Amino acid sequence: MATQLNSPADPIVVTGMGAVSPLGTGVATNWARLVAGKSGLVRNTRFDVTEFAAKVAGLVPVKADDPEGFDPLVAIDPKDIKKMDLFIQYGLVAAQEALAQSGWVPRTEEERAATATIIGTGVGGSPVMAQAVETIIEKGPRRLSPFTVPSFLANLAAGWISIRYGFKGPIGAPVTACAASGQAIGDGMRLILTGEADVAVVGGAEGSIDPISVGGFGAARALSTAFNDDPQAASRPFDRRRDGFVLAEGAAVLVIERLSHAKGRGATPLAILSGYGTSADAYHLTAGEPTGAGAQVAMRNALKMAGVSPGEIDYINAHSTSTGVGDAAELAGIGAVFANRGKDLAISSTKSATGHLMGAAGAIESVFSILALRTGMLPPTRNLEDPDVGEQFDLVPKVAKPKMVRHALSNSFGFGGVNASLVFSAL
């Protein structure tokens, strides 16, 4: 079981954050639009969706359409773009922002070897894989690019970031569905706790809005189809009219290190990463245990590592994706861990604004949890008009609200019954 390894005297802190999401590029843009109640959900124009039931997606806006949109050239040499699928591009741009804020530039071999890179993903480069199949069928295998495999491998977001900045410490890429970046952050935390790294660049990247992913999730009846004509209304966690999640893309990256290490180099700590818990439901391929039993283990372990009681958590950024089974199971688990909290406990699902970034969800929602700590504002649950679960809690419906947050918990749960929970605390 988890113990309070994260010393209150010298905790692990976050010193940098970067974000790319359907709300735009950059942490400031994402937060401003989120608390203003904006949505990043649009009609899916990435490919022809005529034959697909779900026609809504969370697409990252491009610079040509949005002044705060995505431009890979801010972080990537033009000649390298053809070597990487979108998830890698998103990861590199988010990493550049996080590292710039943290000011971490290792200059010695010792510092490079003490920098870990852990970037998770749920799917990796499925768009490239889909295109490769088409190329083989239409033109033959000899027409494939030599960069086909490196552009879709799930670990290559971490690989490109490591190569770009010369980080030579431990490197990894959890591929645990929608818990991937939550586990990436936890893995980086453990590397620091064990002394294997002084700094860890952690997070997640996803760019899989492609026919395979949309078609596959659609076949499983997991995606929203009832709001194709009103995309911004499609993601509605906790709401009685929800009918599935909205597939989305993007990336988020954090830089974490000991407080003493940050102070020693003059970096500004943003928040404490105080706890991490993970568990398996061992229950079902795609559905969580209905009572949230596995989620309860992850949450309790995160609280124990943080040395925080359930009564001290002020805000939970829920995993809730806008599916009836998933929303109900998570809130059942929260109800068991945080019994008798009632409206004193604020819970919101920012997927109502961003859609579900799958393997990058835990990282972008960690960014939002940290910003709730830092700004005293709770991000809203958009489209929450008629809740059918969780009414005992403050679900922050529709509009952001002020609240002092000392400790925030962020949940990430994935197919296969994998659960990850993180606790962030104010400095």
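Residues numbered from 1 in each chain as written. Predicted model: local features only at pLDDT ≥ 70, side-chain atom pairs only at ≥ 80, totals over all residues. Heavy atoms only, no water.

J.: Can you help me understand unusual backbone geometry in this one?
T.: Excluding glycine, residues mostly carry a negative phi; peptide bonds, for their part, are mostly trans. Of note, Ala282 is a non-glycine position whose phi angle comes to about 50°, a positive value. Within the fold, Ala282 resides in the loop between strand S9 (271–280) and helix H11 (293–306). With relative accessibility at 75%, the residue Ala282 sits in the exposed group. For Lys398, which is not glycine, the phi dihedral falls at a positive 70°. Within the secondary structure layout, Lys398 lies in the loop between strand S12 (377–378) and strand S13 (401–402). With a relative accessible area of 45%, Lys398 lands in the partly exposed category. (Helix = DSSP H or I, 4+ residues; strand = E, 2+ residues; numbered from the N terminus. Buried < 20%, exposed > 50% of the residue type's maximum accessible area, 1.4 Å probe, protein only.)

J.: Help me understand the packing of H11 against helix H12 (residues 324–337) in this model?
T.: Any two packed helices are characterised by the angle at which their axes cross and by the distance between the axes. Where H11 meets H12, the closest approach of the two axes is 9 Å, and the angle between their N-to-C directions is 45°. In terms of orientation, H11 lies oblique with respect to H12. For the crossing formed where H11 meets H12, the hand is right-handed. Of the residues in H12, those in contact with Gln296, Met299, Arg300 and Leu303 of H11 are Gly333, Ile334, Ala336 and Val337. Along the lines of polarity and charge, the residues of the contact of H11 with H12 split into five nonpolar, two polar and one charged. (Axes fitted to C-alpha atoms, helices over the stretch in contact; angles between N-to-C directions. Parallel < 35°, antiparallel > 145°, perpendicular 65-115°, else oblique. Left-handed = near helix turned anticlockwise from the far one by under 90°. Contact = heavy atoms within 4.5 Å. Nonpolar A, V, L, I, M, F, W, Y, C, P; charged D, E, K, R; others polar.)

J.: So what exactly am I meant to see when it comes to the nonpolar core here?
T.: Soluble, globular proteins show a tendency: their nonpolar side chains are buried together. Grouped together as the largest cluster of nonpolar side chains are 51 residues, with contacts concentrated most on Met17, Leu254 and Ile256. It is helix H14 (residues 361–375) that contributes the most residues to this core, nine residues altogether. Filtering out sequence-adjacent residues up to four positions away, Leu254 remains in contact with Val14, Gly16, Met17, Ile185, Ala200, Val201, Val202, Ser366, Val367, Ile370 and Phe424. Ala75, Leu92, Leu99 and Val201 belong to the second largest nonpolar core, which has 29 residues in total. (Core = buried A, V, L, I, M, F, W, Y, C linked by side-chain atoms within 4.5 Å.)

J.: Is there a simple way to explain H11 in this structure?
T.: Since one α-helical turn is 3.6 residues long, residues separated by three or four positions face the same way. The end-to-end C-alpha separation of H11 is 20 Å, in line with the 20 Å expected for 14 residues at 1.5 Å each. The element H11 is extensively covered by neighbouring structure, given that 10 of its 14 residues are classed as buried. Where H11 terminates, the next one or two residues include Gly307, which has phi positive at roughly 70°. (Expected span 1.5 Å × (residues − 1).)

J.: Could you clarify how one ought to interpret the side chain of His319 in this entry?
T.: Looking at where His319 falls in the secondary structure, it is placed in the loop between strand S10 (315–317) and H12. At 2.9 Å, the side chain of His319 forms a polar contact with the backbone oxygen of Phe413. In contact with His319, other than residues within four places in its own chain, are Cys178, Glu330, Lys351, His356, Asn411, Ser412 and Phe413. (Polar contact = N/O pair within 3.5 Å; in protein donor to acceptor, adjacent residues only side chain to side chain.)

J.: Explain the packing of helix H3 (residues 86–102) against helix H7 (residues 156–165) here, please?
T.: Axis separation between H3 and H7 bottoms out at 9 Å; the angle between their running directions is 45°. In terms of orientation, H3 and H7 fall into the oblique class. Every pair of crossing elements has a handedness; the one defined by H3 and H7 is right-handed. Where H3 approaches H7, its residues Phe87, Ile88, Gly91, Leu92, Ala95, Gln96 and Leu99 are matched on the opposing element by Leu156, Ala157, Trp160, Ile161, Arg164 and Tyr165. The residue inventory of the contact of H3 with H7, partitioned by class, reads 10 nonpolar, two polar and one charged.

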